[in-house]
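Chain residues, written in single-letter form:
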Amino acid sequence: MNTVVKCHSVPKLLEVLKELTDDYQIYCPVKQDDTETFLPLEQIEQDELLTVGEILSKNEPPLYSIKSFLFPNSEVYLKFRRNHDKVDFTVHSQQPEPTIVIGGKPCDVESFDMIDKVFLQEPVDTFYKQKREQTIFITSICTSKGPNCMCEEFGVDKSEPKLSDILLIESEKTEEKSDGIYLKGVSEKGTKLIERLAELDGLQKVDNSPNLIEDKEEIEKLCPEAIKDKMEKLYDSDIWEDLAMRCLGCGICTYYCPTCHCYDINDYSRKGEGVRYRSWDSCMFSDFTNMAGGHNPRPTKADRIKNRFFHKLNYFVKQQGPLACVGCGRCAKNCPVGISLNTVLQKIGGQNNGK
Ligand code: SF4
Ligand code: SF4
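What you see is a predicted model; the values in this text were computed from it and never measured.

A. Region of the structure containing the overall build of the chain. Tallying secondary structure elements over the chain gives twelve helices and twelve strands in all. A compact globule built from 355 residues should have a C-alpha radius of gyration of about 20 Å, and the chain, at 22 Å, falls within 12% of that. Expressed as a percentage of the 355 residues in the chain, the buried residues total 50%. Of all intrachain contacts in the chain linking residues separated by at least 6 positions in sequence, the fraction that spans at least 24 positions is 74%. Surface summary for the chain: the accessible area is close to 18200 Å², and the carbon and sulfur share equals 46%. The distance from the centre of the 46 positive side-chain charges to the centre of the 57 negative ones in the chain is 5 Å.

And the structure:
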């Protein structure tokens with residue numbers, strides 16, 4: 001049976017978690033200057049703690065996905081230094097510190113199912129793997145769907161995501177029940193942390209967490225194989241030119257997307273020493289596929305948009321099995337010209353399972 005602890009409020013929970021900051025880096029979402037961002041717990045001011053609670057209670061994901069805790073937007077690989085007529089290299093191996101990330105949503109944590117397939121298959125990306133092993137994700141569950149959410153259509157269980165380490169469940173105060181925050185261990189490392197939390201003042205072990213979604217609505221899930229086949233018929237469609245007329249090529253859709261995982265590798269050097277680092281890249285940028293000789297196999301915006309949606313809804317299915325989308329809705333919410341994955345799904349009749 002899952003171990004469960006209860007606390008009376010989010011600010012109290014964060015206060016208790018501060019006792020672990022010698023052993024863990026702890027991050028949570030907070031609102032600053034009207035923008036949601038993740039910050040280390042010790043940098044969050046007392047008067048900002050309520051905004052953490054507000055973000056956790058929302059039935060839609062925060063602005064940024066949690067992928068950056070495993071795959072940072074910029075990361076040094078190697079350090080090098082000129083040594084007379086040769087160059088000395090050292091792998092920049094930094095054993096990541098144990099980390100707790102509070103406030104990812106079910107769609108976010110389920111995106112690791114896709115990113116793991118890329119980074120943990122041979123050759124294993126050890127930078128990613130080490131962080132994956134050292135990080136505990138506390139997922140705040142959703143009780144309903146936000147205006148852009150399509151998580152359930154993409155097979156995400158919004159009340160019981162399988163890849164979470166710990167679930168954070170916030171119950172509402174009713175006449176029969178007092179309100180409270182429940183933490184429920186799911187993975188082995190999550191359950192070990194819950195056992196430790198149960199010993200701290202301010203948290204108490206309880207028998208179970210409340211079931212907030214008593215009758216789960218039956219949502220028809222998208223069938224990856226059917227969507228993949230439908231996409232084949234869209235290869236020469238005019239839709240790509242139409243979308244290219246609107247698209248700004250800004251890359252926002254890829255940077256906020258929890259399943260996008262492309263990166264570029266560059267060197268930075270000065271006075272005989274430097275670093276090799278990787279940083280997020282976007283298939284929506286014109287130089288993404290630019291080659292050394294000047295040839296670019298995707299020279300137009302239409303080519304790049306087509307590739308982005310084919311990667312999500314066709315190529316990834318062929319290579320790995322699932323669709324490369326968890327229906328978080330960030331592309332729909334943040335694209336300045338209103339292009340989203342749903343734009344293409346509607347075109348192929350994806351919401352009726354591609355039949
Ligand atoms: S966010 Fe919208 S405008 Fe920007 S690259 Fe993506 S689809 Fe184009
Ligand atoms: S494609 Fe859009 S809806 Fe799908 S995971 Fe990425 S941002 Fe979310």
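B. Region of the structure containing the packing of helix α1 (residues 10–17) against helix α2 (residues 49–57). Contact geometry for α1 and α2: axes closest at 9 Å, N-to-C directions at 110 degrees. It follows that α1 is roughly perpendicular to α2 by the angle criterion. Pair α1 / α2 crosses with right-handed handedness. For the pair α1 and α2, the contacting residues are Val10, Pro11 and Leu14 in the first and Leu49, Leu50, Val52, Gly53 and Leu56 in the second. Residues that form the contact of α1 with α2 fall into these classes: seven nonpolar, one polar and no charged.

C. The environment of Leu13, seen in detail. Within the secondary structure, Leu13 sits in helix α1. Not counting chain neighbours up to four residues away, the residues in contact with Leu13 comprise Cys7, Leu168, Ile181, Leu183 and Leu203.

D. Focus on the site of ligand 1. The local shell around ligand 1 consists of Cys247, Leu248, Gly249, Cys250, Gly251, Ile252, Cys253, Met284, Cys335, Pro336, Val337 and Ile339. Of the residues assigned to the shell around ligand 1, the class counts are ten nonpolar, two polar and no charged.

E. Spatial organisation of the site of ligand 2. Lining the immediate environment of ligand 2, one finds Cys257, Pro258, Arg308, Lys312, Cys325, Val326, Gly327, Cys328, Gly329, Arg330, Cys331 and Leu341. Of all the elements in the fold, those that place two or more residues in the shell around ligand 2 are α10 (301–320) and α11 (330–334).

F. View of unusual backbone geometry. Following Glu122, the chain continues into Pro123 via a peptide bond in cis, with omega recorded as -5 degrees. With respect to the secondary-structure elements, Pro123 resides in the loop between α4 (112–119) and α5 (126–134). Despite not being glycine, Asp33 has its phi angle at roughly 50 degrees, a positive value. Its relative accessible area of 76% is what places Asp33 among the exposed residues. One non-glycine residue, His84, lies in positive phi territory at about 55 degrees. By relative accessible area, which is 74% here, His84 ends up exposed.

G. Up close: the pairing of strand β5 (residues 86–91). Bridge count between strand β4 (residues 74–83) and β5: six bridges; the pairing is antiparallel. Residue Phe80 lies in a different strand from β5, and its bridge partner there is Phe89. Between the antiparallel neighbours β4 and β5 lie two residues, among them His84 with a positive phi of about 55 degrees.

H. Layout of the packing of aromatic side chains. The full count for this structure, using the stated rule, is 17 aromatic pairs. Ring plane angle 55 degrees and centroid distance 5.6 Å describe the contact between Tyr64 and Tyr256, whose orientation is recorded as tilted. Of the two residues, Tyr64 is situated in the loop between α2 and β4 and Tyr256 in helix α9 (residues 252–256); the sequence distance between them amounts to 192 residues. Under the relative-accessibility criterion, Tyr256 is labelled buried at 18%. Through successive ring pairs, a cluster of aromatic residues spans Phe71, Phe119, Tyr128, Tyr255, Tyr263, Trp280 and Phe285. Taking NZ or CZ as reference, Lys67 lies 4.6 Å from the ring centre of Trp280, over its face. Over the face of the ring belonging to Tyr235 we find Lys306, whose NZ or CZ atom lies 3.7 Å from the ring centre.

I. Broad picture of the sheet that holds strand β8 (residues 166–171). One open sheet accounts for eight strands, arranged β3-β2-β6-β7-β8-β9-β1-β10; its pairing is mixed. The two strands at the open ends of the sheet, each matched to only one other strand, are β3 (35–40) and β10 (204–206). Between one strand and the next, the sheet's axes are offset by a mean angle of 30 degrees, whatever the strand orientation. In this structure, strand β6 (residues 99–104) lies alongside strand β7 (residues 135–140), joined through five bridges in parallel fashion. Following the sheet pairing, Ile102 is matched in β7 by Ile138.

Cut-off values and rules
- Residues numbered from 1 in each chain as written.
- Chains lettered and ligands numbered in written order.
- Predicted model: local features only at pLDDT ≥ 70, side-chain atom pairs only at ≥ 80, totals over all residues.
- Heavy atoms only, no water.
- Helix = DSSP H or I, 4+ residues; strand = E, 2+ residues; numbered from the N terminus.
- Rg over C-alpha atoms; globule rule 2.2 N^0.38 Å.
- Buried < 20%, exposed > 50% of the residue type's maximum accessible area, 1.4 Å probe, protein only.
- Contact = heavy atoms within 4.5 Å.
- Areas by Shrake-Rupley, 256 points an atom, 1.4 Å probe, with all protein chains shown as cover.
- Lys, Arg positive; Asp, Glu negative; His and termini not counted.
- Charge placed at Lys NZ, Arg CZ, Asp CG, Glu CD.
- Axes fitted to C-alpha atoms, helices over the stretch in contact; angles between N-to-C directions.
- Parallel < 35°, antiparallel > 145°, perpendicular 65-115°, else oblique.
- Left-handed = near helix turned anticlockwise from the far one by under 90°.
- Nonpolar A, V, L, I, M, F, W, Y, C, P; charged D, E, K, R; others polar.
- Near = heavy atom within 4 Å.
- Pairing = 2+ DSSP bridges.
- Phe/Tyr/Trp six-rings, centres within 6.5 Å; stacked < 30°, edge-to-face > 60°.
- Lys NZ or Arg CZ within 6 Å of the ring centre and 35° of its normal.

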